[in-house]
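# Coordinate analysis (summary)
What follows is the residue order along each chain.
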Amino acid sequence: MDGFDRLQPRKKIAKDNYNLRWSLASQIQNTFESPLLQNVFYFLFKKMTYLFTSESVSAWHPDKVADQISDAILDAYLAQDPNSKVACETLVTTNKVVIAWEVKSKGTVNAEQIARDVIRRIGYTKKEYWFDADSCDVEVFLHEQSPDINRGVDRENIEDQWAWDQGMMFGYACNETENYMPLPLDLAHKILIELNEIRKEWKDMLYLRPDAKSQVTVEYSDEWKPIHINTIVVSTQHDEFLTSENWESQLETDKKMLNQIYNDVKNIVLPRVKAKLSDNLQKLFDDNLILYVNPTGKFVIGWPNWDTGLTWRKIIVDTYGWKWAHWGWAFSGKDPSKVDRSAAYAARHIAKNLVAAGISDEILVQVAYAIWVAKPVSLYINTYWKSKVDFSDSEIAKKVENIFDMRPNAIENRLKLRNPIYFQTASYGHMWQEPRNESGLELFTREKLDYVDKIRKKFSL
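Report on the accompanying structure.

The rules behind each value
Residues numbered from 1 in each chain as written. Predicted model: local features only at pLDDT ≥ 70, side-chain atom pairs only at ≥ 80, totals over all residues. Heavy atoms only, no water. Helix = DSSP H or I, 4+ residues; strand = E, 2+ residues; numbered from the N terminus. Buried < 20%, exposed > 50% of the residue type's maximum accessible area, 1.4 Å probe, protein only. Contact = heavy atoms within 4.5 Å. Areas by Shrake-Rupley, 256 points an atom, 1.4 Å probe, with all protein chains shown as cover. Salt bridge = Lys/Arg side-chain N within 4 Å of Asp/Glu carboxyl O. Axes fitted to C-alpha atoms, helices over the stretch in contact; angles between N-to-C directions. Parallel < 35°, antiparallel > 145°, perpendicular 65-115°, else oblique. Left-handed = near helix turned anticlockwise from the far one by under 90°. Nonpolar A, V, L, I, M, F, W, Y, C, P; charged D, E, K, R; others polar. Core = buried A, V, L, I, M, F, W, Y, C linked by side-chain atoms within 4.5 Å. Pairing = 2+ DSSP bridges.

## Quick word on the overall build of the chain
When helices and strands are tallied, the chain shows 14 helices and 13 strands. Buried residues in the chain amount to 53% of all 461 residues. Across the chain, every contact between residues at least 6 apart in sequence was considered, and the portion connecting residues at least 24 apart equals 71%. About 21400 Å² of surface is accessible on the chain, with carbon and sulfur atoms providing 52% of the total.

Shown next, in the form of structure tokens:
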């Protein structure tokens, strides 16, 4: 019996104690005839809640500009040579882009042109932004992948492809939302996507500029269930659509601008977001919601002119919003031989299918590798006391190992990761968007629920 197995009885005792406490508290509460006393008792002894917060950033945020350039360069290589090995980093700042990458590929790419095309596609096309596709300076630094690393990746028998480096990768899923993501991050993404749709429609909020951030705080019960949307923060860039002739009157004008933006977010953006949610999630919004919009008072200057962007800095936005663990390495710019990307995708695929199959309401998957070893050194499952099957977490992990081949090449094949599919993943999160086909390519294959039946069969469900 391993260490994690020995924890299972403790978990059961803790869960049983929790259920007993809750049952006794309910019985005591019901002995009070006065509704007021019942409510007071509930507040003092049963209503033990906590708050959890996640953030997201728009596709125009400087860090996401860097991620999109890196992934566009990766896609360009994979389109020519699916076996390309690429690791690309990008930095953006005031009217400057710096790209550095290592590569082993039969393909060749014009990184400067790709960067300009991405910047243009994103929407930075005006010189007044101090960062635009045509005038920005692009510096490119390229070197070949280390042959010492490559000898472990390119194997005579492709199935024996080794992990390119050591590391621990995590995947997570829960049933808080229809896409099996944590609610705070899910809402944070959707707010920014709706802002972008409004900006592109050009009917309302005509002052919107592209850079934006959101943050959502959700109140949870001590049964870990979302019960209330507590706080929403939206910082959105905007034109200076009201101006004044002097400094003092401009301060009043800025207040008027902020008031309009606040009301538009409250009365246009949030209702559109809410309308696309399930009835159960819509009920979590109420008049007690705390809403902050552009708390600094003004957000005219933005883009890379204001905030330097760098590949990998939004890895928590890319994954689970700190709801649970994430290994510290980046995704964007890396081909799937890098297990810090491909194995993280595979771990999400496992977790989502396990939750969808009814194994648990919530699951964390950890997989770990040694450099130049194909088979993972460990696969760990944590159901957080929410398992619905009569197996310990350790036993669940052993069954998962028999269902999913987690060798690097097997992951690449199962999730079809050798295609040019990465630019679309570089904004609004890598782990929650619906699987779809574009130009004959499958995107977000890690989100497919294609192993649910196999899992249910394995667990005799």
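## Considering the pattern of salt bridges
Considering all chains together, one arrives at 33 salt bridges under this definition. Between glutamate 362 and lysine 386 there is a salt bridge, with its nearest N and O atoms 2.6 Å apart. Of this pair, glutamate 362 sits in strand β10 (residues 362-369) while lysine 386 sits in the loop between β11 (378-382) and α12 (393-403); the two residues are 24 residues apart in sequence, bridging distant segments of the chain. You'll find glutamate 362 and lysine 386 in the same group, each marked buried. Each of Glu194, Glu201, Arg272 and Lys276 takes part in salt bridges that share partners, so that together they form one network.

## Things to note about the packing of helix α11 (residues 339-356) against helix α13 (residues 408-415)
One way to put it is that α11 packs onto α13 with a least axis distance of 10 Å and a crossing angle of 60°. Looking at the two axes, α11 sits oblique to α13. Handedness of the α11/α13 crossing: left-handed. Packed against α11, whose contacting residues are Val339, Ser342, Ala343, Tyr345, Ala346 and His349, the element α13 presents Pro408, Ile411, Arg414 and Leu415 at the interface. Classifying every residue of the contact of α11 with α13 by side-chain character gives seven nonpolar, two polar and one charged.

## Details of the nonpolar core
Counting 112 residues, the largest nonpolar core has Ile69 and Ile99 as its most contacted members. Here this core takes eleven residues from α11, the largest share from any one element. Setting aside its immediate chain neighbours within four residues, isoleucine 69 contacts Thr90, Val92, Val97, Ile99, Ala115, Val118 and Ile119.

## Notes on the sheet that holds strand β4 (residues 137-144)
Through backbone hydrogen bonds, the strands of a sheet pair up, either in parallel or in antiparallel fashion. Taken in spatial order, the four strands make up an open sheet running β4-β3-β2-β9, and their pairing is mixed. Each edge of the sheet is formed by a strand with only one pairing partner; in this case those strands are β4 and β9 (309-310). Along the sheet, helix α4 (residues 111-122) contacts β3 (96-104) and β4; its crossing angle with β4, the most-contacted strand, is approximately 130°.

## Observations regarding the pairing of strand β2 (residues 85-93)
Relative to β3, β2 runs antiparallel, the two sharing nine bridges. Each bridged residue has a counterpart across the sheet, and for threonine 93 the counterpart in β3 is lysine 96. Count of turn residues in the β2/β3 antiparallel hairpin: two residues, of which asparagine 95 carries a positive phi of about 50°.

## A look at the sheet that holds strand β8 (residues 290-293)
Here four strands make up an open sheet; going across it, the order is β1-β6-β7-β8 and the pairing mixed. Every interior strand has two partners, whereas the edge strands, β1 (50-57) and β8, have only one. With strand direction ignored, the average angle separating the axes of adjacent strands in the sheet is 15°. Set on the sheet, helix α6 (residues 183-201) makes contact with β1, β6 (208-220) and β7 (226-238); between it and β6 the angle comes to about 155°.

## Quick word on the pairing of β8
Across the two faces of β8 the burial differs, with Leu291 and Val293 buried and Ile290 and Tyr292 not buried at all. As defined by bridge partners, β7 adjoins β8 across four bridges and the pair is classed as parallel. What sits directly across from isoleucine 232, in β8, is leucine 291.

## What to know about the packing of helix α3 (residues 62-80) against α4
For the pair α3 and α4, the least separation of the axes is 9 Å and the interaxial angle reads 130°. When the axis of α3 is compared with that of α4, the two are oblique. Both α3 and α4 take part in a crossing whose hand is right-handed. Residues Val65, Gln68, Ile69, Ala72, Ile73 and Ala76 of α3 touch α4, and the partners they reach there are Ala111, Ile114, Ala115, Val118, Ile119 and Ile122. Residues of the contact of α3 with α4, tallied by class, amount to eleven nonpolar, one polar and no charged.

## Observations regarding the environment of isoleucine 290
For isoleucine 290, the position within the fold is in strand β8. A C-alpha to C-alpha distance of 4.5 Å links isoleucine 290 and threonine 231, two positions 59 residues apart in sequence. Not counting chain neighbours up to four residues away, the residues in contact with isoleucine 290 comprise Asn230, Thr231 and Ile232.

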